[in-house]
Each structure stands twice: as structure tokens, then as C-alpha cells.
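Listed here are the chains, written in short residue letters.
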Amino acid sequence: MDIISQLQEQVNLMAQLTFNTIGTLQRDAPPNRLSPNYPEPPPHPTEDGANFAEQAKQMSTALVKAAKQFDALVEALPISEGDEEAQVKRIAELQAENDIIGQELQKQLEAAEKELNQVRELFSQASDNCLNLKKPE
Amino acid sequence: MSSASYPPPPPFYRLYKNYSQDPNSAPSPPPPIEGSYICFGATHTTDNVLPSLEEQGVRQLYPKGPNVDYKKELRSLVGELLLHLLELADILIQRPSQFARRVEEISTVFKNMHHLLNSMRPHQARATLIHIMELQIQRRKEAVEDIKRRRGESQKLLNESLAALDGN
């Protein structure tokens with residue numbers, strides 16, 4: 001895939017990870033201690049606790065890794081500043097060169113075709129003479 | 001059960017009755033449409049320019065102007081994204097009811113990134129065109145060399161065979 005499409009895929013991936021992270025944290029967060037007056041809320045017996053901290057760490061590492069990969073892709077961009085005129089100029093040059101070479105090719109092709117036709121005609125004459133057992137003049 | 005029959009084909013075929021004898025007696029194809037056209041009740045446009053961010057109602061975070069330094073802006077956008085994420089996490093802890101603005105800012109950052117990437121596409125198209133033209137020029141040069149070489153070889157062969165026949 002070309003690099004701009006890869007960058008776009010990476011942006012989409014980061015958006016997915018972002019919203020997954022925030023959503024998961026928001027859904028699975030254990031209740032927080034509101035004030036020192038009230039005792040610690042009872043821990044929920046299902047998969048919270050250690051699992052939750054683990055999940056949070058994994059998700060954030062994934063997000064940071066995706067961001068780092070995006071930075072690496074940005075570094076690899078073969079683009080330079082303000083190049084539109086230079087590109088258009090280069091395209092015009094290439095077009096001119098292409099035309100010249102095209103004309104040369106056309107000329108060579110025509111000459112080669114002419115020679116081919118000449119050889120064919122001579123060959124047919126020679127084979128006619130041979131088949132009719134006539135000596136060549 | 002009755003089923004509706006298909007609609008008949010458009011009646012233009014009668015105009016082309018004598019096409020094989022006289023190709024000019026039939027009407028020529030309609031010219032390509034320019035501007036906007038309506039198709040199946042929806043308006044489309046043939047003008048393929050990328051709409052700027054303001055037209056889509058999104059704030060533009062990177063500086064406008066003729067020359068944008070894509071790499072620098074992309075890097076700063078990624079930094080802003082991570083910053084906004086941390087802000088969102090903080091605000092969820094302290095003032096959870098005010099998340100909406102932060103989320104909107106995060107989506108603005110994403111839209112800016114996509115717009116910046118899309119605006120790189122014309123540059124990529126021109127670079128691809130340059131590459132293709134260079135390849136074509138190289139192929140044509142090789143073809144010219146090839147033809148020259150073959151003509152030389154055939155000339156040599158003919159001269160040799162002429163010499164061989166004359167000696168006979």
C-alpha cells in the first residue's frame with residue numbers, strides 16, 4: 001500500500017484505540033473512594049481489580065505504539081516543501097523529451113518497415129525465379 | 001401472480017438503422033457533462049476538488065497558506081492528539097460532566113489529520129505521473145536502440161548473403 005494510505009490506516013487505528021481505551025475505562029472502572037468519611041467501597045467480585053490495571057496498561061501501550069508507528073511513517077514520507085511548480089516543470093520537460101523520443105521511434109519504425117517490405121519483395125521474386133527454374137538476370 | 005414486465009428499451013435505436021452504411025447518419029454521442037448534474041435524485045458535481053475544512057464546519061489547526069510543511073504539521077498533530085487524550089482522562093477523573101468539549105476537540109484533531117493527508121494526494125499523483133513518464137521514456141529509448149541494432153544486423157546478413165551468392 002502506498003505511504004499515504006498507510007498513514008490514513010494508522011490514523012484510523014489510532015482513533016479506534018483512543019475510543020476503545022476511553023470507553024473501556026469508563027465502563028469497567030471500579031467505584032472510587034469519594035471522601036475519607038465513608039469506608040472503602042466493597043470490591044466488585046468479578047474481573048476488576050488487578051485485571052483492570054493490567055488492561056489499562058495494555059491499552060495505553062498499544063496506543064503509544066500506534067502513535068510511534070505513525071511518527072515513523074511520517075518520517076518516511078518522500079515529500080519536500082513547496083514542490084508543485086517544480087513538479088509541473090518536470091512534467092513539461094518529460095513530456096517534451098517523450099515527444100522527441102516518440103518521433104525518433106516512429107522514424108526508425110517506418111524505416112525498418114520499409115526495409116522489411118523490400119526484403120519480402122526481393123525474396124518473393126527470388127523464390128519465384130527458383131520455382132520457375134529461371135536463372136536470375 | 002402477475003409480475004410487471006421490464007420497461008422497454010429507449011427508442012433511440014431507430015436512429016441508428018443505417019449506421020453500417022453511413023456512420024454519419026446517426027446522432028453523435030452527447031458531450032461530457034461539466035459542472036453539477038442530478039443522478040437518481042441526488043446532485044453530484046464533476047469538480048473534484050477537496051473541500052476545505054471551513055466548508056465542513058471544522059476548525060483548522062494547522063496554518064493555511066501555499067506551502068504547508070506536511071511532516072512538521074503531522075507530527076505536531078499527533079502530539080496534540082496525545083495531549084488531548086490525557087486532558088480527557090484528567091477531566092473524567094475530576095469533572096466528569098465536562099467531557100463533551102474534550103471529545104469534540106479530539107475529533108477535530110482527527111479530522112485535521114485526515115484533511116492534511118488528503119491534501120497530499122495531488123502531490124502524490126504528480127509524482128506518480130513523473131515516475132510513469134520516466135519509465136516510458138526509458139522503454140522508448142530501449143526500443144529505438146533495439147530497432148537500430150536489428151536493422152544493422154539484417155543489413156549485415158543481406159550483404160553476406162549477397163557476397164555468398166555472387167561468388168556462386
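You'll find the structure just up there.
The paragraphs below set out a description of the structure included in this document. Predicted model, so just to flag it, every value in this text is computed and none were measured.

1. As for the overall build of chain A
Of the regular secondary structure elements, chain A holds 3 helices and 0 strands. Along the chain direction, N to C, the helices and strands of chain A fall in the order α-α-α. Relative to its full complement of 137 residues, chain A shows a buried share of 23%. Considering only contacts within chain A whose residues lie at least 6 apart along the sequence, 78% involve residues at least 24 apart.

2. Some words on helix α3 (residues 84-131) of chain A
Compared with an ideal rise of 1.5 Å per residue, which puts 48 residues at 70 Å, α3 of chain A spans 68 Å between its outermost C-alpha atoms and is within 8% of the ideal. Gln87, Ile91, Leu94, Asn98, Ile101, Gly102, Leu105 and Gln108 of chain A are the residues of α3 of chain A that are buried. In this structure, the buried residues of α3 of chain A make contact with α3 (121-166) of chain B.

3. Concerning the nonpolar core
With 30 residues, the main nonpolar core has Met14 and Phe70 of chain A together with Leu74, Phe110 and Met113 of chain B as its most contacted residues. Ignoring any residue separated from it by four or fewer positions in sequence, one finds Leu74 of chain B in contact with Phe70, Val74 and Leu77 of chain A together with Leu116, Leu117 and Met120 of chain B. Ranked by size, the runner-up nonpolar core spans 5 residues in total, among them Ile91 of chain A together with Ile130, Met133 and Ile137 of chain B.

4. Overview of the interface of chain B and chain A
Listed as interface residues are 42 residues of chain B and, on the opposing side, 43 residues of chain A. Run the count over chain B and chain A and you get 6 salt bridges. With its nearest N and O atoms 2.6 Å apart, the salt bridge here joins Glu134 of chain B to Arg90 of chain A. Our enumeration of links across chain B and chain A arrives at 17 residue pairs in polar contact (both at pLDDT 80 or more). Listed by contribution, the elements that provide at least two residues to the side of chain B that touches chain A are α1 (70-94), α2 (99-119) and α3 of chain B. Sorting elements by how many residues they give to the side of chain B that touches chain A places α3 of chain B first, with 21 residues.

Rules used in this analysis
- Residues numbered from 1 in each chain as written.
- Chains lettered and ligands numbered in written order.
- Predicted model: local features only at pLDDT ≥ 70, side-chain atom pairs only at ≥ 80, totals over all residues.
- Heavy atoms only, no water.
- Helix = DSSP H or I, 4+ residues; strand = E, 2+ residues; numbered from the N terminus.
- Buried < 20%, exposed > 50% of the residue type's maximum accessible area, 1.4 Å probe, protein only.
- Contact = heavy atoms within 4.5 Å.
- Expected span 1.5 Å × (residues − 1).
- Core = buried A, V, L, I, M, F, W, Y, C linked by side-chain atoms within 4.5 Å.
- Salt bridge = Lys/Arg side-chain N within 4 Å of Asp/Glu carboxyl O.
- Polar contact = N/O pair within 3.5 Å; in protein donor to acceptor, adjacent residues only side chain to side chain.

Honestly, that's just the spatial picture; any functional story needs more than this.
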